[in-house]
Amino acid sequence: MADEEADEEPAVELGTGASVEGAPLARVASRLTWPQEKSSILNKEGDAVIRTPDGPQTLEDVLAEADETYFETRQTFLDDVFDIVGRDPVQTE
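What counts and how
- Residues numbered from 1 in each chain as written.
- Predicted model: local features only at pLDDT ≥ 70, side-chain atom pairs only at ≥ 80, totals over all residues.
- Heavy atoms only, no water.
- Helix = DSSP H or I, 4+ residues; strand = E, 2+ residues; numbered from the N terminus.
- Buried < 20%, exposed > 50% of the residue type's maximum accessible area, 1.4 Å probe, protein only.
- Arc of directions from axis to C-beta.
- Contact = heavy atoms within 4.5 Å.
- Salt bridge = Lys/Arg side-chain N within 4 Å of Asp/Glu carboxyl O.
- Core = buried A, V, L, I, M, F, W, Y, C linked by side-chain atoms within 4.5 Å.

Trainee: Can you help me understand the environment of Asn 43 in this one?
Mentor: Locating Asn 43 in the fold gives a position in helix H3 (residues 38-45). Sequence-wise, Asn 43 and Glu 60 are 17 residues apart; in three dimensions their C-alpha atoms are separated by 9.2 Å.

Put into structure tokens, the structure is as follows:
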């Protein structure tokens, strides 16, 4: 019976606007294990396009501005990238 109810309506309504180009930074970070050197991140995910408040950017371009060469934890990586690209919402239009 629970399966029948689940098939009737989606749990969350999806927007009808244009899709946002690029992947969320958290998704890219989840594909890595920690700790990581900056060079290893660039080798593995440097060409990944991430969503930023100013539009999509490659991770390689963003990390070029980072002073850190070693990220001990996922959170350290996320914080450093967000410090570079900003924490504002990603524009959808």
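Trainee: Help me understand H3, please; the structure alone is not making it clear to me.
Mentor: Residues separated by three or four positions in an α-helix point in the same direction, a consequence of the helix having 3.6 residues per turn. Among all positions of H3, only Lys 38, Ile 41 and Glu 45 are buried. Across the axial projection of H3, the buried residues extend over an arc of 60°, all falling on one side. Taken together, the buried residues of H3 touch helix H2 (25-30), strand S1 (36-37), helix H4 (59-63), strand S4 (70-71) and helix H5 (74-85).

Trainee: Would you mind going over the pattern of salt bridges with me for this structure?
Mentor: When their charged atoms lie close together, side chains carrying opposite charge are able to pair. Scanning the model with the defined rule gives 3 salt bridges in all. The shortest N-O distance in the salt bridge between Glu 45 and Arg 31 comes to 3.0 Å. On the criterion of sequence distance, the pair formed by Glu 45 in helix H3 and Arg 31 in the loop between H2 and S1 is long-range, its members being 14 residues apart. Judged by relative accessible area, which is 12%, Glu 45 ranks as buried.

Trainee: Which parts of the structure should I look at to understand the nonpolar core?
Mentor: It is characteristic of soluble globular proteins that their nonpolar side chains tend to be buried jointly. Counting 17 residues, the largest nonpolar core has Leu 25, Ile 41, Ile 50, Leu 59, Leu 63, Phe 77 and Val 81 as its most contacted members. Elements supplying a minimum of two residues to this core: H2, H4 and H5. Per element, the largest residue contribution to this core is 4 residues, and it comes from H5. Sequence-distant contacts of Ile 41, defined by excluding residues within four places in its chain, comprise Leu 32, Trp 34, Gln 36, Gly 46, Leu 59, Leu 63, Phe 71 and Phe 77.

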